[in-house]
Amino acid sequence: MSLINTEIKPFKATAFKGGKFIDVSDADLKGKWSVVFFYPADFTFVCPTELEDLADNYSEFQKLGVEIYSVFTDTHFCHKAWHDTSPAIGKIAYTMVGDPTGTICRNFEILIEEKGLADRGTFVVDPDGKIQIIEITAGGIGRDARELLRKVKAAQYVASHPGEVCPAKWEEGEKTLAPSLDLVGKI
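Quantities reported herein were computed from a predicted structural model and do not represent experimental measurements. (Residues numbered from 1 in each chain as written. Predicted model: local features only at pLDDT ≥ 70, side-chain atom pairs only at ≥ 80, totals over all residues. Heavy atoms only, no water.)

Colleague: Can you help me understand the pattern of salt bridges in this one?
Modeller: Opposite charge on two side chains lets them pair, provided their charged atoms get close. Counted according to the given criterion, the structure contains eleven salt bridges. When the shortest N-O distance is used, the salt bridge between Glu-50 and Arg-120 registers 2.5 Å. Residue Glu-50 is located in helix H2 (residues 46–63), and its partner Arg-120 is located in strand E8 (residues 120–125); the two are separated by 70 residues in the primary sequence. The same class applies to Glu-50 and to Arg-120, which are both buried. In this structure, a network of salt bridges that share partners links the residues Glu-50, Arg-120 and Arg-143. (Salt bridge = Lys/Arg side-chain N within 4 Å of Asp/Glu carboxyl O. Helix = DSSP H or I, 4+ residues; strand = E, 2+ residues; numbered from the N terminus. Buried < 20%, exposed > 50% of the residue type's maximum accessible area, 1.4 Å probe, protein only.)

Following this line, the structure appears as C-alpha cells:
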C-alpha cells in the first residue's frame, strides 16, 4: 500500500536541536510543511554528506515554511555526540530525532527489520499531516537537497493552485499545466 496522501501515524521521541534535547511528536509536523529524512546510520559515509547538504540548504527550506526532521534508529545522545565531533554534522540546525525503538521508522514503513536500521527515505508532509512525496534509495545512493527543495516547491504550488499540476523538471515561476480533455494526446 502506498503512503501517499495518508496521514502520518502518532509518535513521540526525543531529539537533539540547538544544543538541547527536545521532545518531538507527530503533532509538531502538523500545521506546516515538513521533511522527514531517514538515514541508515550515524558516524558513517554517505549519511553525513546528505545531512550536511540539508544543513547547507536549511535556510532555503525555512523560507518556504518547511521544517526538517532527520531520523535514525539510534538515540538523541548519539546525535549530540556526532554533532559535537563532526564538522559536517556540526552545521546542522534542524531537528535530529532519535528513534531507538524503530516506531517512527515503522510508521513510515522504512525500517529494515533484520538490521534495525532505516532505509534512505525522504517524506514530505503537508500541513494536514499527509504524506505528499516519498523517495527511497538504496543505501549507497545519496540524495540531493536542491532537488528535494524543487519537489517541495512543486508540492506547495500544487496544494495552493487546485486544478494545476507541475510537469517534469518544473522550476518555480515556470509554466504549469491545467489537466483537461483539450490536453489529452497533445503533450
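Colleague: Help me understand helix H6 (residues 145–160), please; the structure alone is not making it clear to me.
Modeller: Note on helix geometry: an α-helix contains 3.6 residues per turn, so any two residues three or four positions apart are oriented the same way. Counted at 1.5 Å a residue, the expected span for H6 with its 16 residues is 22 Å, and the 22 Å between its end C-alpha atoms agrees. Among the residues of H6, Ala-145, Leu-148, Leu-149, Arg-150, Val-152, Ala-154, Ala-155 and Gln-156 are the ones counted as buried. Elements that come into contact with the buried residues of H6 comprise strand E3 (33–38), H2, strand E4 (66–72), E8 and strand E9 (131–137). Where H6 begins, one side-chain oxygen reaches toward the backbone nitrogen of Arg-146, 2.8 Å away; that side chain belongs to Asp-144. (Expected span 1.5 Å × (residues − 1). Contact = heavy atoms within 4.5 Å. Polar contact = N/O pair within 3.5 Å; in protein donor to acceptor, adjacent residues only side chain to side chain.)

Colleague: Would you explain empty space enclosed by the protein in this entry?
Modeller: To find the voids left in a structure, one rolls a probe of water-molecule size over its atoms. Taken as a whole and assessed by the stated rule, the structure comprises one cavity of 30 Å³ or more. For the lining of the largest cavity, the class distribution of residues is eight nonpolar, no polar and no charged. (1 Å grid on protein atoms, 1.4 Å probe; cavity = no way out; pocket = protein on both sides within 12 Å on 5 of 7 lines; lining within 4 Å. Points joined across faces, edges and corners; volume = space filled by probe spheres on them. Nonpolar A, V, L, I, M, F, W, Y, C, P; charged D, E, K, R; others polar.)

Colleague: Hey, could you run me through the UniProt feature "active site" (unreviewed entry) in the chain in this one?
Modeller: In the UniProt entry, the feature "active site" (unreviewed entry) is given for Cys-47. Take Cys-47: its relative accessible area is 1%, and that puts it in the buried class. If we ignore the near neighbours within four places in the chain, the residues touching Cys-47 are Tyr-39, Pro-40, Ala-41, Trp-82 and Arg-120. (UniProt positions renumbered as here; feature names shortened; annotations may be inferred.)

Colleague: How should I be thinking about the sheet that holds strand E5 (residues 95–98) in this particular structure?
Modeller: Strands belonging to one sheet form pairs held by backbone hydrogen bonds; the direction of such a pair is parallel or antiparallel. Read from one edge to the other, the open sheet built from seven strands follows the order E2-E1-E5-E4-E3-E8-E9, with strand pairing classed as mixed. Strands at the two margins of the open sheet, each flanked by one partner only, are strand E2 (20–25) and E9. On average, adjacent strands in this sheet sit at an angle of 25 degrees to one another, irrespective of strand direction. Examined bridge by bridge, strand E1 (residues 12–17) and E5 share two bridges and lie antiparallel to one another. Residue pairing in the sheet places Ala-15 in a bridge with Val-97 of E5. On top of the sheet, H2 reaches E1, E3, E4 and E8; it is set at about 165 degrees to E4, its chief contact. (Pairing = 2+ DSSP bridges. Axes fitted to C-alpha atoms, helices over the stretch in contact; angles between N-to-C directions.)

Colleague: Sorry, what's going on with the nonpolar core here?
Modeller: Proteins that are soluble and globular tend to have nonpolar side chains buried together. In this structure, Val-35, Leu-51, Leu-54, Phe-61 and Tyr-94 are the most contacted members of the largest nonpolar core, which totals 26 residues. Those elements giving two or more residues to this core turn out to be E3, H2, E4 and H6. Here Phe-61 is in contact with Val-35, Leu-54, Val-66, Ile-68, Ala-145, Leu-148, Leu-149 and Val-152, once residues within four sequence places are set aside. Grouped together as the second largest cluster of nonpolar side chains are 21 residues, Ala-13, Ala-15, Val-36 and Phe-108 included. (Core = buried A, V, L, I, M, F, W, Y, C linked by side-chain atoms within 4.5 Å.)

Colleague: How should helix H3 (residues 76–85) be read in this particular structure?
Modeller: Three or more residues of H3 are buried, namely His-76, Cys-78, His-79, Trp-82 and His-83. Seen from one end, H3 has its buried residues packed into an arc of 155 degrees, which puts them on one side. Structural note: H3 exposes Phe-77 and Thr-85 on the side pointing more than 90 degrees away from its buried face. As for H3, its buried residues are in contact with E1, E2, H2, E4, helix H4 (87–90) and E5. (Arc of directions from axis to C-beta.)

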